Structures are given as C-alpha cells and as structure tokens.
Amino acid sequence: MGAMSVRTSPSPSEPGETPHRSGFACFVGRPNAGKSTLTNALVGTKVAITSNRPQTTRHTVRGIVHRPDAQLVLVDTPGLHKPRTLLGERLNDVVRTTWAEVDVIGFCLPADQKLGPGDRYIATELAGIKKTPKVAIVTKTDLAEPEQLAQQLLAVDRLGTELGIEWAEIIPVSAVDAEKEADRGRGAGQVSLLADLLVPLLPEGPALYPEGDLTDEPEQVMVAELIREAALEGVRDELPHSIAVVVEEMLPREDRPADKPLLDIHANLYIERPSQKGIVIGPKGRRLKDVGTKSRKHIEALLGTPVFLDLHVKVAKDWQRDPKQLRRLGF
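Residues numbered from 1 in each chain as written. Predicted model: local features only at pLDDT ≥ 70, side-chain atom pairs only at ≥ 80, totals over all residues. Heavy atoms only, no water.

A.B. asks: Help me understand the pattern of salt bridges, please; the structure alone is not making it clear to me.
C.D. replies: Pairing is possible between side chains of opposite charge, provided their charged atoms come close. The full count for this structure, using the stated rule, is eight salt bridges. The residue Arg 30 makes a salt bridge to Asp 119 at a minimum N-O spacing of 2.8 Å. With a gap of 89 residues between them, Arg 30 in the loop between strand 1 (21–28) and helix 1 (35–43) and Asp 119 in helix 3 (residues 117–127) connect regions that are remote in the sequence. Comparing Arg 30 with Asp 119 shows no difference in burial state: the two are buried. Here Lys 294 and Asp 290 are joined by a salt bridge, their closest N and O atoms 3.6 Å apart. Of this pair, Lys 294 and Asp 290 are both found in helix 9 (residues 286–303), four residues apart, which corresponds to roughly one turn of the helix. (Salt bridge = Lys/Arg side-chain N within 4 Å of Asp/Glu carboxyl O. Helix = DSSP H or I, 4+ residues; strand = E, 2+ residues; numbered from the N terminus. Buried < 20%, exposed > 50% of the residue type's maximum accessible area, 1.4 Å probe, protein only.)

Take a look at the structure:
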C-alpha cells in the first residue's frame with residue numbers, strides 16, 4: 001500500500017488551462033456487487049480477478065485509467081464482510097486502511113437486488129469516514145427493469161440521508177454493456193461517464209504512474225490470481241477461500257533463440273484439506289490440466305510471451321486460521 005500516500009505537490013496550472021488531476025479511487029460493496037467488472041471496464045483490460053463467486057479479490061489489485069486530463073488509480077479492495085476467521089479480520093483491516101487513504105470511494109450496489117443487511121453494514125462503516133467523497137454506483141443495470149432501477153436509486157438516496165452520508169453522485173452503470181460496447185470499438189458510454197464524474201473529485205496533480213501502466217501489482221501476484229481464477233471456475237461446492245496460489249518462480253528458459261523465448265512458471269495451489277485435492281485435480285488429472293490450459297492463455301496475454309506452466313496441488317492444513325501459514329501464503 002506504500003504508493004498510496006505519495007503525492008507530489010501540483011505545479012500551478014496556467015490560467016485558462018484545465019488542471020490535470022490524479023488520485024486514488026476504490027470501489028466497495030458486498031461480495032459480488034460488480035466491483036472487479038467495473039474496474040476492468042474502466043481500465044479497458046482484465047486486471048482484477050472476476051468470478052461469479054463472492055470473496056475472490058484478495059490482493060489490492062489496482063487498475064490505472066489514463067486520460068488526457070487526469071489519471072485515476074483504482075484500488076480494488078476485498079469485500080467488507082462480518083469476519084468469521086483470522087483471514088476475514090485481516091481483509092477487513094486492509095479495507096478500512098484503504099478507505100482512509102483514497103481520494104474517492106465508489107459504493108457499488110447491484111440494481112437487481114434489494115438493499116440488504118450487507119449493504120447497510122458497509123454503508124454504516126462508510127458513514128464513519130467523513131472526509132472522503134463518496135459516490136453511489138448502482139451496478140448491473142442490464143439485469144433490472146426500469147421500474148426496479150428507479151426504486152433502487154431512490155432507496156440508495158434514502159440510505160444516504162438516513163446514515164448521514166452525502167453522496168457526491170448517484171450513478172447507474174452496466175459494466176457488462178460497457179464491455180460489449182468497448183469490444184465493438186465504441187466508447188463505453190456509461191462507464192466513461194462514471195470516469196467523468198469521478199475525475200473532478202480527485203486532487204490536482206501530475207500523473208502518478210507512467211502512461212501505459214495498467215496496474216502496479218507485481219507480475220507474480222497477477223499470474224497467481226489468474227491461476228487461482230481458473231482453479232475456482234467449476235468448483236461449486238468448495239469455498240473459494242480454500243485455494244491459495246503461490247508462484248514459486250518465473251524464469252526465462254535457457255538456450256532459447258531470442259525470437260522464441262519461453263518463460264517457465266512453477267506454481268503451487270494450496271488447499272486446506274486432503275479431501276479437496278481430488279476436486280482440484282479432477283478425474284485422471286483433467287481439471288488441473290484444464291486450469292493450466294485456461295490460465296496459461298491469460299498469462300501469455302498478460303506477459304506477451306509464451307509460457308510453460310507447471311502446477312502442483314499441495315495441502316496446507318487449515319491455512320485460513322493459521323497466522324504462520326497466512327504469512328507464508330502472502331497475507
């Protein structure tokens with residue numbers, strides 16, 4: 001999180017010029033509220049892990065939105081939830097620290113689900129953070145009828161009034177529609193509008209990252225996330241938290257011609273119980289092979305180089321509850 005509090009003093013703008021703004025924003029919301037999808041739609045590339053299972057974003061993955069007038073750095077925090085394990089408590093601490101350090105908070109609430117206790121729990125926490133501007137983002141509008149969307153916008157407005165949160169904006173978006181628009185080469189209408197509304201809430205200042213950077217997560221962490229995402233797909237009965245991935249090494253293969261490089265990646269998938277091993281590996285090793293094939297494609301796209309991926313499944317007994325193991329697995 002070190003980079004987050006660094007701010008160089010802005011050079012005074014020439015009169016009549018629009019000042020350049022730069023700063024940090026984070027999206028919060030209960031698990032599966034559409035935070036990661038929104039991050040990806042804004043940045044225009046896949047940086048945060050997306051999954052239709054709740055509780056999958058564990059590292060603070062940042063996406064960087066470069067614009068002529070501004071740079072918006074998105075910090076993706078894990079969903080805030082009532083902690084049941086030591087890991088849960090650590091995640092919640094990370095969330096609160098992040099909230100206190102960013103320049104704007106976007107509270108994501110799905111349009112197709114009534115406000116629930118989870119939303120209220122987060123909103124109550126948000127109300128305690130006074131200085132940071134807050135924007136309410138009603139997501140997944142493609143899944144809601146117009147009447148349902150109108151009701152949700154009113155409910156969000158009322159929730160703010162009731163808890164003493166003054167929303168800087170209340171914005172409906174569909175990141176899914178935006179991704180389709182972007183694929184067709186059109187500007188992502190609602191999502192670029194969201195960026196237009198977030199930018200004025202940032203402080204004036206120069207760009208914090210070089211043009212072309214999309215995230216400042218170390219590559220190894222992103223590779224581990226892509227493997228983990230592939231491993232979670234299709235495992236319906238097991239908790240997503242019970243898989244951790246550690247990339248042990250990433251080394252260029254020696255004796256390769258310069259025009260045909262190959263990167264060797266060795267990674268371990270850690271699970272909590274021996275009984276989960278069969279589920280991850282699958283009959284005759286088919287699932288693990290599938291995980292390798294899927295994640296390799298994404299990793300090659302991310303790193304721009306052919307990859308040889310070597311995956312092993314290991315048991316780290318009850319790692320979510322063991323401080324020593326949590327540290328070893330990078331939490």
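A.B. asks: Looking at this structure, how should I read the sheet that holds strand 8 (residues 263–271)?
C.D. replies: Spatial ordering of the open sheet is given by 7-8-9, a layout of three strands whose pairing is mixed. In this open sheet, the two strands that pair with only one neighbour each are strand 7 (243–252) and strand 9 (307–315). Geometrically, the sheet is characterised by an average inter-axis angle of 20 degrees between neighbouring strands, direction not taken into account. Sheet topology note: the strand 7/strand 8 ladder contains nine bridges and is antiparallel. When the bridges of strand 8 are listed, Val 247 appears paired with Ala 267. Of the strands in this sheet, strand 7, strand 8 and strand 9 are in contact with helix 7 (residues 219–232), which crosses strand 7 at around 130 degrees. Its contacts with the sheet place helix 9 against strand 7, strand 8 and strand 9, and it is angled at close to 135 degrees to strand 9. (Pairing = 2+ DSSP bridges. Axes fitted to C-alpha atoms, helices over the stretch in contact; angles between N-to-C directions. Contact = heavy atoms within 4.5 Å.)

A.B. asks: I'm lost on helix 4 (residues 146–163) in this one. Help?
C.D. replies: The periodicity of an α-helix, 3.6 residues per turn, causes residues three or four places apart in sequence to face the same way. Its 18 residues give helix 4 an end-to-end C-alpha distance of 26 Å, which sits within 8% of 26 Å, the value for a rise of 1.5 Å per residue. Those residues of helix 4 that sit buried are Leu 149, Gln 152, Ala 155, Val 156, Leu 159 and Gly 160. In an axial view of helix 4, the angular spread of the buried residues amounts to 135 degrees, which keeps them on one side of the axis. Opposite its buried face, helix 4 presents the exposed residues Pro 146, Glu 147, Arg 158, Thr 161 and Glu 162, each directed more than 90 degrees away. Along its buried surface, helix 4 packs onto strand 4 (104–110), helix 3, strand 5 (134–139) and strand 6 (167–172). Positive phi shows up at Gly 164, right after helix 4, with a value of about 75 degrees. (Expected span 1.5 Å × (residues − 1). Arc of directions from axis to C-beta.)

A.B. asks: It is not clear to me how the packing of helix 2 (residues 86–101) against helix 3 should be interpreted in this structure. Could you clarify?
C.D. replies: Working note: a packed helix pair is described by the angle between its axes plus the distance between those axes. The geometry of helix 2 relative to helix 3 is characterised by a closest axis approach of 11 Å and an angle of 45 degrees between their N-to-C directions. Compared by their axis directions, helix 2 and helix 3 come out oblique. Here the hand of the crossing between helix 2 and helix 3 comes out right-handed. Facing Asn 92, Arg 96 and Trp 99 of helix 2, the residues of helix 3 in contact are Tyr 121, Ile 122, Glu 125 and Leu 126. Classifying every residue of the contact of helix 2 with helix 3 gives four nonpolar, one polar and two charged. (Parallel < 35°, antiparallel > 145°, perpendicular 65-115°, else oblique. Left-handed = near helix turned anticlockwise from the far one by under 90°. Nonpolar A, V, L, I, M, F, W, Y, C, P; charged D, E, K, R; others polar.)

A.B. asks: Quick question: what am I supposed to make of the pairing of strand 5 here?
C.D. replies: For a regular strand, side chains alternate in direction, first toward one face of the sheet and then toward the other. Across the six residues of strand 5, six count as buried, placing the element largely inside the fold. The alternating pattern of strand 5 places Lys 134, Ala 136 and Val 138 on one face and Val 135, Ile 137 and Thr 139 on the opposite face, and all of these are buried. Direction of pairing for strand 4 relative to strand 5: parallel, over a ladder of six bridges. From the neighbouring strand, Pro 110 faces strand 5, where its bridge partner is Thr 139. In this fold, the crossover linking strand 5 to strand 6 by way of helix 4 has right-handed handedness. (Right-handed = clockwise from strand over helix to strand, strands pointing away.)

A.B. asks: Would you mind showing me how to read unusual backbone geometry here?
C.D. replies: Of all residues except glycine, most have a negative phi; of all peptide bonds, most are trans. One non-glycine residue with positive phi stands out, namely Lys 140, at about 60 degrees. For Lys 140, the location among the structural elements is in the loop between strand 5 and helix 4. One non-glycine residue, Asp 255, lies in positive phi territory at about 60 degrees. Structurally, the position occupied by Asp 255 is in the loop between strand 7 and strand 8.

A.B. asks: Hey, could you run me through the packing of aromatic side chains in this one?
C.D. replies: Ring pairs (aromatic) are described by centroid distance and by the angle formed between their planes. Under the definition given, this model contains one aromatic pair. A cation sits over an aromatic face here: Arg 253 above Phe 308, 5.5 Å from the ring centre. (Phe/Tyr/Trp six-rings, centres within 6.5 Å; stacked < 30°, edge-to-face > 60°. Lys NZ or Arg CZ within 6 Å of the ring centre and 35° of its normal.)

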